[in-house]
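In case you want the letters, here they are:
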Amino acid sequence: MRLGIDLGGTKIELIALDENGTTLLRRRVPTPTGDYVGILNVIAGLVRLAEGELGRGGTVGVGSPGTISTRTGLLKNSNTTVMNGKPLLRDLAEKLGRPVRLENDANCFALSEAVDGAAAGAHAVFGVIVGTGVGGGVVIDKQVLTGRNRIAGEWGHNPLPWATESELPGAPCYCGKLGCVETFLSGAGLARDYHSRSGKQLPAHEIALAADAGDKGAQASLNVYQDRLARSLAVVINVVDPDVIVLGGGLSNMMQLYMGLSALVEVYAFSDEIDTRIMRAVHGDSSGVRGAAWLWSS
Ligand SMILES: [Zn+2]
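Residues numbered from 1 in each chain as written. Predicted model: local features only at pLDDT ≥ 70, side-chain atom pairs only at ≥ 80, totals over all residues. Heavy atoms only, no water.

1. Comments concerning the overall build of the protein
Definition in use: Strands are runs of DSSP state E lasting at least two residues, helices are runs of H or I lasting at least four, and both sets are numbered from the N terminus onward. The globule rule used here is 2.2 Å times the number of residues to the 0.38 power, and the radius of gyration it is set against is calculated over C-alpha atoms. Exposure classes here rest on a 1.4 Å probe applied to the protein chains alone. A residue is buried below 20% of its type maximum, exposed above 50%, and partly exposed in between. Contacts were defined at the residue level, with two residues in contact if any of their heavy atoms lie within 4.5 Å. Only the protein chains shown count as cover for residues, with accessible areas throughout obtained via the Shrake-Rupley method and a probe of 1.4 Å. Neither His nor the chain ends contribute to the count of charged residues, in which Lys and Arg are positive and Asp and Glu negative. Lys charges are placed at NZ, Arg charges at CZ, Asp charges at CG and Glu charges at CD.
Each helix and strand counted, the protein has 9 helices and 12 strands in total. In terms of overall size, the protein behaves like a compact globule, its C-alpha atoms giving a radius of gyration of 20 Å where 298 residues would be expected to give roughly 19 Å. In terms of principal-axis extent, the alpha carbons of the protein reach across some 55 × 40 × 40 Å. In the protein, buried positions account for 52% of the 298 residues. Counted over contacts in the protein with a minimum sequence separation of 6, partners at least 24 positions apart contribute 62%. With the model as given, the accessible surface of the protein reaches about 13500 Å², and the carbon-plus-sulfur share is 53%. Treating the 27 positive side-chain charges of the protein as one cloud and the 30 negative ones as another, the clouds have centres 7 Å apart.

Okay, here's the thing in structure tokens:
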């Protein structure tokens, strides 16, 4: 049995999967705010509860924002800031009496879709999250490519490729740079573009609805968004050339995105023929917790 934990800023979720990926049990509890030891206790409690209820032990994988520093072994870059600077992996392993694997949530997403989601059976998979932020992960033969510096797949903080004069220098990104892909492809990025055309404030999902209802500004924003997405993915294809790209996160639910996307990617990528499949995620919001469980797929 595989147990996956999705450690979020507001909730901690556990899933238990059998060998075939069938869900045996799922539990969700609020994250103890600002309380590191409390978080450890909640995770240990969820694992004990699942194993007691199901009558068997399991492996434990954790999906969390941030990464474990290769230099110090401490968690960093988590938006659950109380976790930063803590030896999360060591403490969890100690508490649970077994080794624990941990990857950031975008890598877990990519793994979940690569194992039994939209990219099941594919050799090389790039998983993309476009939502509040823009993340990504590379999975090769059902193994997360973590990377030397644990930033493999972080395409959201590359500069927007083939930026036009009007797109430069770009909005400031929280990472300290200007004009990152994330500043264009996040929900806030789409909303900013729409505001600049229409003077109206709408959240991303309502811009998609407005476009469907005939709002010309919303349609223009979506067209530009799709072009920026295509440019950003073309660069990933030029480097990784994955078999499948899976899109997840809130903005991946805008069905308008997919129509004509492959043809646009072909315009930008370094090949006159691109047959990379670009798919919408199958597991939706469950991909993070499922991918955490699959960290022990081999
Ligand atoms: Zn950035």
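2. Focus on the environment of Gly4
By the secondary structure assignment, Gly4 is in strand E1 (residues 2-7). A residue is classified by how much of its surface remains accessible, and Gly4, at 0% relative accessible area, is buried. With 131 residues separating them along the chain, Gly4 and Gly135 place their C-alpha atoms 20 Å apart. Not counting residues within four places of it along the chain, the set of residues in contact with Gly4 comprises Glu13, Leu14, Ile15, Gly61, Val289, Ala292 and Ala293.

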